[in-house]
Amino acid sequence: MAASAPRKAAARRSTPAAARRPKLAAVKAPEPIDLLADFGTEEKPPVPVKLGKVEADVLRGFSGDQVVEFHRAVGETRFEDALSIVTTDGSAMWEFIGNLTPEYASKALNRIFNLSEIYEGELIAPLPGFGNLPAGARPSPESTTTTE
């Protein structure tokens, strides 16, 4: 049997594999997508309105932040704040609307909000206790009895 020759070790390269790879250009991190910008509405000329003696412009064209704040205000029944976002005189408009019956107040608010194009449809439903009126609670049957 022939004696086997000692094995030779593989030749080692002088540069490590990582150094032999071509260097890639640094990739810039992508800019985050501003999702609030998707909520914004198209800018259009304002619409003049009159409610009693109150005259104001209904604005059309809102940033995403304004749209979010508007819906937050409506959800929290802060209608004066919502009107201040969509009109040029929200305080005077709310002073007038807040003294209407719930049915007429909701009609006025819905009309203004639809003109602003910040919302389509009926956003505000007539609810008992809307505005400055009492809540409309009914007395219990026991409260109508007398103690004679």
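Because the structure is predicted, anything quoted here is derived from the model rather than measured.

A word on the packing of aromatic side chains. Under the criterion given, the structure shown has two aromatic pairs. Taking the centre distance of 4.8 Å and the plane angle of 85° together, the rings of Phe70 and Phe113 count as edge-to-face. Residue Phe70 is located in helix H3 (residues 64–75), and its partner Phe113 is located in helix H6 (residues 102–116); the two are separated by 43 residues in the primary sequence. An identical accessibility class is assigned to Phe70 and Phe113; each is buried.

On to the pattern of salt bridges, then. For the coordinates displayed, the defined rule picks out six salt bridges. For Glu117, the salt bridge goes to Lys44, with nearest N and O atoms at 2.9 Å. Within this pair, whereas Glu117 is found in the segment after H6, its partner Lys44 is found in strand E1 (residues 44–51), the two being separated by 73 residues in sequence. Judged by relative accessible area, Glu117 falls into the partly exposed class, the value being 36%. A relative accessible area of 29% means that Lys44 is categorised as partly exposed. Each of Glu69, Arg72, Glu76, Arg78 and Asp81 takes part in salt bridges that share partners, so that together they form one network.

It is worth spelling out the nonpolar core at this point. Of all hydrophobic cores here, the largest spans 25 residues; its most connected members are Ile97 and Phe113. Elements supplying a minimum of two residues to this core: E1, strand E2 (54–60), H3, helix H4 (79–86), helix H5 (90–97) and H6. Residues in contact with Phe113, not counting those within four places in the same chain, are Phe70, Val74, Ala82, Leu83, Val86, Ile118, Tyr119, Leu123 and Ile124.

Right, let's get into H3. The terminal C-alpha atoms of H3, which comprises twelve residues, lie 17 Å apart, in line with the 16 Å expected from a rise of 1.5 Å per residue. Every buried residue of H3 is listed here: Gly64, Val67, Phe70, Ala73 and Val74. Count one or two residues on from H3 and you reach Thr77, which has phi positive near 50°.

Relative to the helices and strands, Glu69 is located in helix H3. Taking the C-alpha atoms as reference points, Glu69 and Ile85, separated by 16 residues in sequence, lie 8.4 Å from one another. Setting aside residues up to four positions removed in sequence, Glu69 forms contacts with Arg78 and Ile85.

Turning to unusual backbone geometry, a few remarks are in order. With phi around 50°, Thr77 is a residue other than glycine that occupies positive phi space. The residue Thr77 is located in the loop between H3 and H4 in this model. Residues other than glycine seldom take positive phi values, yet Glu117 does so here, at roughly 65°.

Turning next to the pairing of E2. In regular strands, side chains alternate between the two faces of the sheet. Residues Val54, Ala56, Val58 and Arg60 point to one face of E2 and are all buried, whereas Glu55, Asp57 and Leu59, pointing to the other face, are not buried. With six bridges connecting them, E1 and E2 associate as antiparallel partners. Bridge pairing links Val47 to Val58 in E2. Where E1 folds back on E2, the antiparallel hairpin that results is connected by two residues, among which Gly52 adopts a positive phi of roughly 65°.

Calculation rules
- Residues numbered from 1 in each chain as written.
- Predicted model: local features only at pLDDT ≥ 70, side-chain atom pairs only at ≥ 80, totals over all residues.
- Heavy atoms only, no water.
- Phe/Tyr/Trp six-rings, centres within 6.5 Å; stacked < 30°, edge-to-face > 60°.
- Helix = DSSP H or I, 4+ residues; strand = E, 2+ residues; numbered from the N terminus.
- Buried < 20%, exposed > 50% of the residue type's maximum accessible area, 1.4 Å probe, protein only.
- Salt bridge = Lys/Arg side-chain N within 4 Å of Asp/Glu carboxyl O.
- Core = buried A, V, L, I, M, F, W, Y, C linked by side-chain atoms within 4.5 Å.
- Contact = heavy atoms within 4.5 Å.
- Expected span 1.5 Å × (residues − 1).
- Pairing = 2+ DSSP bridges.

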